[in-house]
Amino acid sequence: HNISADYLIFDDVHLFEDILDDELSFKFMRDSDEFESIKNFLIDNEILAAEELSKILSSEEIKVLHFKDEEQTIKFIYSELAKLTIDSESDFFWKYMRYKDYLKNYLFFITRDGFLLSPLVKPLSIISQINKVPYKVYFSATIPSKNQFILTLGLNDKVKMPEY
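Residues numbered from 1 in each chain as written. Predicted model: local features only at pLDDT ≥ 70, side-chain atom pairs only at ≥ 80, totals over all residues. Heavy atoms only, no water.

This brings us to the overall build of the chain. Counting its secondary structure elements, the chain contains seven helices and six strands. When its helices and strands are written in sequence order, the chain yields β-α-β-α-α-β-α-α-β-β-α-β-α. Dimensions along the principal axes, computed over C-alpha positions, put the chain at roughly 55 × 35 × 30 Å. The buried share of the chain, taken over its 164 residues, is 38%. Long-range contacts, defined here as pairs at least 24 residues apart, represent 67% of the contacts in the chain between residues at least 6 apart. Charged side chains in the chain number 19 positive and 29 negative. The centres of these two groups are separated by 4 Å. (Helix = DSSP H or I, 4+ residues; strand = E, 2+ residues; numbered from the N terminus. Buried < 20%, exposed > 50% of the residue type's maximum accessible area, 1.4 Å probe, protein only. Contact = heavy atoms within 4.5 Å. Lys, Arg positive; Asp, Glu negative; His and termini not counted. Charge placed at Lys NZ, Arg CZ, Asp CG, Glu CD.)

Listed below in structure tokens is the structure:
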């Protein structure tokens, strides 16, 4: 369905952070086939030793994985993750297609529960459905400053804030 709107109103916009996080993040839980595929990619490409990965996965530690160069990052995004899009009906397929060009800017976390790819700042501006709405109104009594507001929602600095 195609719905158009002139205004989009976010009341208690801080509550939108979790929804935005779910939309923009990729989670691969330990019991999934995708997790196994990514784990094998990391080991086979010598990005992370099997012993080190096992140690992280069995601890409470959260590790940010850094690929050694852009070539390795691109290989991971456009080769390994692309392999996981076989089912064109899956949620992963559509999410990957929407955000694949932004993934090189994502952080890669390894936790006891699995792998997480997530942007440091959740760029609200890359969600095309929201961008199509010309006027957006954000309400929040808990985000204390314009800078924090912009950082939290990944907005540009043209946001107008009321003067008190």
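That shown, we press on.
Of note, the phi angle at Glu46 is positive, near 55°, even though the residue is not glycine. On the secondary structure map, Glu46 appears in the loop between helix 2 (33-44) and helix 3 (50-57).

Below, the discussion takes up the nonpolar core. Judged by nonpolar contacts, the single largest core of 40 residues is most densely connected at Phe28 and Phe108. Looking at this core, the element that brings in the most residues is helix 2, giving four residues. (Core = buried A, V, L, I, M, F, W, Y, C linked by side-chain atoms within 4.5 Å.)

The next thing to look at is the confidence of the model for the chain. Detailed conclusions should not be drawn from predicted coordinates in areas where pLDDT is low. Of all residues in the chain, 92% have pLDDT values of 70 or greater, and the mean over the chain is 83. Within the chain, helix 7 (residues 146-153) has the poorest average pLDDT of any element, 72, and helix 3 the best, 94. (pLDDT = per-residue confidence, 0-100.)

Mapped onto the elements, Ser32 comes out in the loop between strand 2 (26-29) and helix 2. According to the relative accessible area criterion, Ser32 is buried, its value standing at 17%. Polar contacts involving the side chain of Ser32 include one to the main-chain amide nitrogen of Phe35, which spans 3.1 Å. (Polar contact = N/O pair within 3.5 Å; in protein donor to acceptor, adjacent residues only side chain to side chain.)

Where helix 2 meets helix 4 (residues 70-83), the closest approach of the two axes is 10 Å, and the angle between their N-to-C directions is 145°. Helix-helix and strand crossings are classified by hand; for helix 2 and helix 4 the assignment is right-handed. In contact with Ser37, Ile38 and Phe41 of helix 2, helix 4 contributes Lys75, Phe76, Glu80, Leu81 and Lys83. (Axes fitted to C-alpha atoms, helices over the stretch in contact; angles between N-to-C directions. Left-handed = near helix turned anticlockwise from the far one by under 90°.)

The next thing to look at is the packing of aromatic side chains. Enumeration over the complete set of coordinates arrives at twelve aromatic pairs. Ring centres of Phe26 and Tyr106 lie 6.3 Å apart, and the angle between their planes is 50°; this geometry places the pair in the tilted category. In this pair, Phe26 sits in strand 2 while Tyr106 sits in strand 4 (residues 106-111), placing the two residues 80 residues apart along the sequence. Assigned by exposure class, Phe26 and Tyr106 land together as buried. Aromatic rings pair up to connect Phe35, Phe41, Phe67, Phe76, Phe108 and Phe115 into one cluster. Lying across the ring of Phe26, Lys95 places its NZ or CZ 5.5 Å from the centre. (Phe/Tyr/Trp six-rings, centres within 6.5 Å; stacked < 30°, edge-to-face > 60°. Lys NZ or Arg CZ within 6 Å of the ring centre and 35° of its normal.)

Attention now goes to the sheet that holds strand 2. The four strands lie next to each other as 2-5-4-3, forming an open sheet whose pairing is antiparallel. Both edges of this open sheet fall to strand 2 and strand 3 (63-65), since each of them pairs with a single strand only. When strand polarity is set aside, the average angle formed by the axes of neighbouring strands in this sheet is 25°. Running over the sheet, helix 2 touches strand 2, strand 3, strand 4 and strand 5 (114-119) and is turned about 85° from strand 5. The strands that helix 5 (residues 91-99) touches are strand 2 and strand 4; relative to strand 2, the one it contacts most, it runs at about 140°. (Pairing = 2+ DSSP bridges.)

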